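Descriptive analysis of the structure
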Amino acid sequence: MNKITMVQYGCGKMSAMTMRYALEKGVKIVGAFDINPAVVGQDISTIIGQDKKVGVKVQDAKELESFLKEKEVDVAIVTTTSLFSENYPIYEICAKYGVNVISTCEEAFFAQNSSPKLAKKLDKLAKETGCTICGSGYQDVFWGNLISVLAGATHKITKIKGKSSYNVEDYGISLAQVHGAGLSKKQFEKDIASADNITEEERKKLIAAGKFLPSYMWNVNGWLCSKLGLTVKSQTQKCVPQIAKEDLNSSTLGMTIKKGNCAGMSAVVTTITKEGIVIESECIGKVYAPDEFDCNDWTIEGEPNTRVVIERPSTAELTCASVINRIPEVLCAPAGYTTTEYMPENFYKSQPLHKYIEEICGGDDEYSCGCCEHECSSCKGNK
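Residues numbered from 1 in each chain as written. Predicted model: local features only at pLDDT ≥ 70, side-chain atom pairs only at ≥ 80, totals over all residues. Heavy atoms only, no water.

Thoughts on unusual backbone geometry
Of note, the amide linkage connecting Glu303 to Pro304 takes the cis form, showing an omega dihedral of -5 degrees. Here Pro304 shows up in the loop between β13 (295-303) and β14 (306-311). Residues other than glycine seldom take positive phi values, yet Arg312 does so here, at roughly 55 degrees. Within the secondary structure, Arg312 is located in the loop between β14 and α11 (315-325). (Helix = DSSP H or I, 4+ residues; strand = E, 2+ residues; numbered from the N terminus.)

Some words on the sheet that holds β13
Spatially, the six strands line up as an open sheet ordered β8-β11-β12-β7-β13-β14, and their pairing is mixed. Edge positions in the open sheet fall to β8 (232-243) and β14, since each of these has one partner strand only. With strand direction ignored, the average angle separating the axes of adjacent strands in the sheet is 10 degrees. Pairing analysis gives 11 bridges linking β8 to strand β11 (residues 262-273), with the strands arranged antiparallel. (Pairing = 2+ DSSP bridges. Axes fitted to C-alpha atoms, helices over the stretch in contact; angles between N-to-C directions.)

Topic: the environment of Pro344
Structurally, Pro344 is set in the loop between β15 (336-337) and α13 (357-361). Expressed as a C-alpha distance, the spacing of Pro344 and Lys161, which sit 183 residues apart in the sequence, is 24 Å.

Regarding the sheet that holds strand β1 (residues 5-9)
The pairing of strands in a sheet comes from backbone hydrogen bonds and takes either a parallel or an antiparallel form. Within the open sheet, the seven strands sit side by side as β3-β2-β1-β4-β5-β6-β15. Their pairing is parallel. Two strands close off the open sheet at either side, each with one partner strand: β3 (58-60) and β15. In this structure, β1 lies alongside strand β2 (residues 28-34), joined through five bridges in parallel fashion. In the strand pairing of β2, Val7 is matched with Gly31.

Topic: the packing of aromatic side chains
Under the counting rule described, the total for this entry stands at 11 aromatic pairs. Of the aromatic side chains, those joined through ring pairs into one cluster are Phe84, Tyr88, Tyr91 and Tyr337. Lying over the aromatic face of Phe293, Arg312 brings its terminal NZ or CZ to 3.8 Å of the ring centre. The lysine or arginine in question, Lys349, covers the ring of Phe347, its NZ or CZ lying 3.9 Å from the ring centre. (Phe/Tyr/Trp six-rings, centres within 6.5 Å; stacked < 30°, edge-to-face > 60°. Lys NZ or Arg CZ within 6 Å of the ring centre and 35° of its normal.)

Let's talk about the pairing of strand β12 (residues 278-286)
The pairing of strand β7 (residues 156-167) with β12 spans nine bridges and is parallel. Bridge assignment links Tyr166 to a residue of β12, and that residue is Gly285. Two elements, β11 and β12, share nine bridges in a ladder whose sense is antiparallel. Residue Ala267 lies in a different strand from β12, and its bridge partner there is Cys283. Here β11 hands over to β12 after four residues, with Gly276 in that stretch at a positive phi of 90 degrees.

Notes on the state of the cysteines
Here is the idea: a disulfide is a covalent bond, and it sits between the sulfur atoms of two cysteines. Within the structure shown, the criterion is met by zero disulfides. This cysteine, Cys239, is not joined by any disulfide, and Cys283 carries the nearest cysteine sulfur, 7.9 Å off. (Disulfide = S-S within 2.5 Å.)

Some words on the pattern of salt bridges
Two side chains with opposite charge may pair up if their charged atoms get near one another. Taken as a whole and judged by the stated rule, the model has 14 salt bridges. Between Arg203 and Asp196 there is a salt bridge, with the nearest N and O atoms lying 3.8 Å from each other. Residue Asp196 is classed as buried on the basis of its relative accessible area of 10%. Notably, a salt bridge pairs Glu201 with Lys204, separated by 3.9 Å at the nearest N-O pair. You can see Glu201 and its partner Lys204 sitting in helix α9 (residues 200-209), three residues apart, about one turn around the helix. When salt bridges with common partners are traced through the structure, they connect Lys159, Lys161 and Glu280 into a single cluster. (Salt bridge = Lys/Arg side-chain N within 4 Å of Asp/Glu carboxyl O. Buried < 20%, exposed > 50% of the residue type's maximum accessible area, 1.4 Å probe, protein only.)

Some thoughts on the packing of helix α1 (residues 13-24) against α11
Where α1 meets α11, the closest approach of the two axes is 9 Å, and the angle between their N-to-C directions is 45 degrees. Classified by the angle between their axes, α1 and α11 sit oblique to one another. In this structure, α1 meets α11 at a crossing whose hand is right-handed. The residues of α11 that touch α1, namely those facing Met14, Met17, Thr18, Tyr21 and Ala22, are Ala316, Glu317, Thr319, Cys320, Ala321 and Ile324. Looking at the contact of α1 with α11 residue by residue, the class counts come to eight nonpolar, two polar and one charged. (Parallel < 35°, antiparallel > 145°, perpendicular 65-115°, else oblique. Left-handed = near helix turned anticlockwise from the far one by under 90°. Contact = heavy atoms within 4.5 Å. Nonpolar A, V, L, I, M, F, W, Y, C, P; charged D, E, K, R; others polar.)

Topic: the side chain of Lys25
With respect to the helices and strands, Lys25 occurs in the loop between α1 and β2. Although Lys25 is buried, it forms no salt bridge, and the closest oppositely charged side chain is Glu24 at an N-O distance of 7.9 Å. (Lys, Arg positive; Asp, Glu negative; His and termini not counted.)

Some details on the layout of surface pockets
In this structure, the largest pocket spans a volume of roughly 670 Å³. Taken together, 32 residues form the lining of the largest pocket, with Thr79, Thr80, Thr81, Tyr171 and Gly172 sitting closest to its centre. Elements that contribute at least two residues to the lining of the largest pocket include exactly α1, α6 (138-151), α7 (173-178) and α11. Its residues placed into classes, the lining of the largest pocket shows 13 nonpolar, 16 polar and three charged. (1 Å grid on protein atoms, 1.4 Å probe; cavity = no way out; pocket = protein on both sides within 12 Å on 5 of 7 lines; lining within 4 Å. Points joined across faces, edges and corners; volume = space filled by probe spheres on them.)

So this is what it looks like as structure tokens:
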């Protein structure tokens, strides 16, 4: 296969890494798009932080569809907001022209349990055009496959308990705002926490109507249940403000968060399964004080008990590397909105990414298409 061609949608903080990582893995970037006039017209080398021009300028996001209509593109990397509904128009345009998508959108990791109508609609379109849409990132490895691998070494599980923290400063203004950073406690209760002060029936109605606002772990718990073959009996979430103990400067929000206001939030999701296993996961996203750092802490309770703690993970960098390393698997995946629990575990790619297509796609295992049991994007036109 020739070099994989890619477009970048969203040219903020995360794209500086996704684009550099992609280029260094032998991917050819053919387009970049953003809604911010300040970056439109810039060569992507400016965003990446390198002197040598790449020769690709950021275009207005409105130009995405006309670009994809004219160009052959293998994959789009979407690094924008956290909600599936907000990103859906981008996914739809890509799917319309048969372009695979990997998104850092946290809800896209497993939107089946929070935006089922949109997930089903996107799945239908992507199957019609022969492309794959999925979400990936930090959660793919550190909240998903890491936990499922540990579960594979466990005789009996009664509970899976996880807690992960990250600095919202590293991800841009949209993510910081979703976490309530900078709000007063009263504003937080009104704008964010109130959404979860509802009954289970009310939540089900919101999900069915596409109006539910999931925390990141809502979709992670769904992914884990799917991966481990568990049946969800009930699932709830609660968002709690993280109060600043001192004044905190936020360059992302362009403000000082005063002591006593919200630096961010903690979201706790509890899933009860028919198999008796409870999954309780918590993500803490906030503007950090000088002495705070990222941490990923998971415990599997049962026979035996196992705990894994990763202190100071480079969460933003790991997110971007996970996305770029996922490209070959996504190009070889069955068409549709195909979440990553159905793909092989992400693994390190030491060679240019296009060299892995035949290895992943041409084998005899259950996943591979064998060129082609299903029509994956890497095999289209190559039969």
